[in-house]
Amino acid sequence: MFWDGSTRLASLNSTWVVKSSDGGATFSKPVAISQLTNSALLKNTLFRNNSYPAAAAAPNGDLYATWTTELQNAGTVNYAGDTTCAPWLGGSSATCHSAAVYSKSTDGGSTWSAPAPVFASATRTAIGYPVTQPNGDTFSAPAARPVEQIFPAAAVGPNGRVYISAYSADAVSPWQTCAVGPAPPPGRIACDTLGAYIHNARLNYKVRDLTTSVTQDVNTHPINTRLGFGGGFFGDYTDIAVGSDNVFHALWTDSNDRQTVVWFYGFEFTPTPINQEDIVTATGSF
């Protein structure tokens, strides 16, 4: 069993593990895999997140754990928890970004390797700039900043191939806000007057094969966290599994499906196409 937590006097959380060898009747003493700095809200997105871990066991008994932590945008990288990225310790998440990391145990969870990044570092791609604001000003691309990841998952196939998946905020583009509109729930669909543009990060869902170090995006279009039902729970539903045929099955929340709405929470609309949040899957092996 794996979780994100801390001891009473700790400054930072850690990823922890306990093990049972008698069907859950008793468990081992908790082992701290690594410290971490809990992920802040991904820059220019609109959904809640956390640094909760995921884990998988290989056929040979090796264990893999993955989670997210905050890293400095520049300077020395600390994958094992960085106090300078922790606001509660006087740091600032403004100069940091969230990254997916993983660790491996070859002795049943007693000891673990130093955390390592799941994906290669990269800079966000700006798409669709510049645009003209309603007041006539030019809205230009933001300063370059590192790609952020969140909600990693892990799985191992019968052949020993290890897969880790996660959302990755690879792109940023202009998003026009609503200045005047009805209150929710109809306000989630209708807008009377459009407002200013803001920067909006869009996500890919990536899968990496640790065995071959091949990484692929398995979504078909970038995922927009500002589309959907507006509840903020966008990223909670994500995972990966591998079948007996060694094919992986990735699962995530996507916002690219479009539906035509006539009735919404008791309000009648002229048939209006909107983007809908859906759980989607993709399969593959590489």
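In what follows, the structure referred to is the one given above.
Nothing here was measured: the structure is a model prediction, and the numbers come from that model.

Draft legend 1. Structural view of the overall build of the chain. Check the secondary structure of the chain and you find zero helices and 18 strands. Taken against the 2.2 N^0.38 rule, which gives 19 Å for 286 residues, the C-alpha radius of gyration of the chain at 21 Å falls within 12% of a compact globule. Considering the chain as a whole, with its 286 residues, one finds that 44% of them fall into the buried category. Expressed as a percentage of contacts within the chain between residues at least 6 apart in sequence, the contacts between residues at least 24 apart total 60%. Of the roughly 13800 Å² of accessible surface on the chain, 53% is carried by carbon and sulfur atoms. A distance of 6 Å separates the average location of the 15 positive side-chain charges in the chain from that of its 20 negative side-chain charges.

Draft legend 2. Quick look at unusual backbone geometry. That bond from Tyr129 to Pro130 is cis: its omega, -5°, falls within 30 degrees of zero. Here Pro130 shows up in the loop between strand S8 (125-126) and strand S9 (131-132). With an omega of 10°, the peptide bond running from Pro184 to Pro185 counts as cis. In this fold, Pro185 is placed in the loop between strand S12 (162-180) and strand S13 (193-209). Backbone geometry places Tyr265, a non-glycine residue, at a positive phi of 50°. For Tyr265, the position within the fold is in the loop between strand S17 (248-264) and strand S18 (267-284).

Draft legend 3. Expanded view of the pairing of S17. With four bridges connecting them, strand S16 (residues 239-242) and S17 associate as antiparallel partners. Bridge pairing links Val242 to Phe248 in S17. In this antiparallel pair of consecutive strands, S17 and S18, the connection spans two residues, and Tyr265 shows a positive phi of 50°.

Draft legend 4. Quick look at the sheet that holds strand S3 (residues 31-36). Read across the open sheet, the three strands follow the order S1-S2-S3; overall the sheet is antiparallel. Each end of this open sheet is capped by a strand with a single partner; those strands are strand S1 (2-5) and S3. Neighbour to neighbour, the strand axes of the sheet diverge by 25° on average, direction disregarded. Sheet topology note: the strand S2 (residues 13-17)/S3 ladder contains five bridges and is antiparallel. Across the sheet, residue Val17 finds its bridge partner in S3, namely Val31.

Draft legend 5. Main features of the side chain of Thr66. As for its position among the elements, Thr66 is in strand S5 (residues 63-72). When its relative accessible area of 0% is taken as the criterion, Thr66 is described as buried. A polar side-chain atom of Thr66 sits 2.8 Å from the main-chain carbonyl oxygen of Val101. With near-sequence residues (within four places) excluded, Thr66 lies in contact with Tyr52, Pro53, Ala54, Val101, Tyr102, Val118, Pro152, Ala153, Ala154 and Ile164.

Draft legend 6. Summary view of the nonpolar core. If you look at the biggest cluster of nonpolar residues, it comprises 23 residues, and the most contacted ones within it are Tyr167, Val207, Val218, Ile240, Phe248, Ala250 and Trp252. Going through the elements one at a time, strand S11 (148-156), S12, S13, S16 and S17 are the ones with two or more residues in this core. Discounting residues that sit within four places of it in the chain, Trp252 has contacts with Tyr167, Tyr205, Val218, Asn219, Ile223, Tyr237, Thr238, Asp278, Ile279, Val280, Thr281 and Ala282. In terms of nonpolar packing, the next biggest core, distinct from the first, is built from 13 residues, Ala58, Ala100, Val118 and Ala154 among them.

Draft legend 7. Region of the structure containing a nonpolar patch on the surface. Taken together, Met1, Trp3 and Phe27 make up a surface patch of nonpolar side chains, about 320 Å² in accessible area. Secondary-structure assignment places Phe27 in the loop between S2 and S3. Accessibility expressed as a relative area gives 41% for Phe27, which makes it partly exposed.

Draft legend 8. Focus on the layout of surface pockets. By volume, the largest pocket amounts to about 890 Å³. Around the largest pocket, the lining comprises 33 residues; the ones closest to its centre are Trp175, Gly187, Arg188, Arg226 and Gly228. Listing elements by their share of the lining of the largest pocket, those giving two or more residues are S12, S13, S17 and S18. At five residues, S18 tops the list of elements feeding residues into the lining of the largest pocket. Among the residues making up the lining of the largest pocket, the classes are represented as 18 nonpolar, 11 polar and four charged. Roughly 250 Å³ of internal volume is contained in the second largest pocket.

Draft legend 9. Fine view of the sheet that holds strand S4 (residues 54-57). Read across the sheet, four strands follow the order S4-S5-S6-S7 without closing on themselves; strand pairing throughout is antiparallel. Strands with a single pairing partner mark the edges of an open sheet, and in this sheet they are S4 and strand S7 (116-117). Bridge analysis of S5 against strand S6 (residues 96-105) gives 10 bridges, and the strand direction is antiparallel. Bridge pairing in S6 places Gln72 opposite Cys96.

Rules and cut-offs
Residues numbered from 1 in each chain as written. Predicted model: local features only at pLDDT ≥ 70, side-chain atom pairs only at ≥ 80, totals over all residues. Heavy atoms only, no water. Helix = DSSP H or I, 4+ residues; strand = E, 2+ residues; numbered from the N terminus. Rg over C-alpha atoms; globule rule 2.2 N^0.38 Å. Buried < 20%, exposed > 50% of the residue type's maximum accessible area, 1.4 Å probe, protein only. Contact = heavy atoms within 4.5 Å. Areas by Shrake-Rupley, 256 points an atom, 1.4 Å probe, with all protein chains shown as cover. Lys, Arg positive; Asp, Glu negative; His and termini not counted. Charge placed at Lys NZ, Arg CZ, Asp CG, Glu CD. Pairing = 2+ DSSP bridges. Axes fitted to C-alpha atoms, helices over the stretch in contact; angles between N-to-C directions. Polar contact = N/O pair within 3.5 Å; in protein donor to acceptor, adjacent residues only side chain to side chain. Core = buried A, V, L, I, M, F, W, Y, C linked by side-chain atoms within 4.5 Å. Patch = residues over 30% accessible without salt bridge, like charges linked within 9 Å, V, L, I, M, F, W, Y side chains within 5 Å. Salt bridge = Lys/Arg side-chain N within 4 Å of Asp/Glu carboxyl O. 1 Å grid on protein atoms, 1.4 Å probe; cavity = no way out; pocket = protein on both sides within 12 Å on 5 of 7 lines; lining within 4 Å. Points joined across faces, edges and corners; volume = space filled by probe spheres on them. Nonpolar A, V, L, I, M, F, W, Y, C, P; charged D, E, K, R; others polar.

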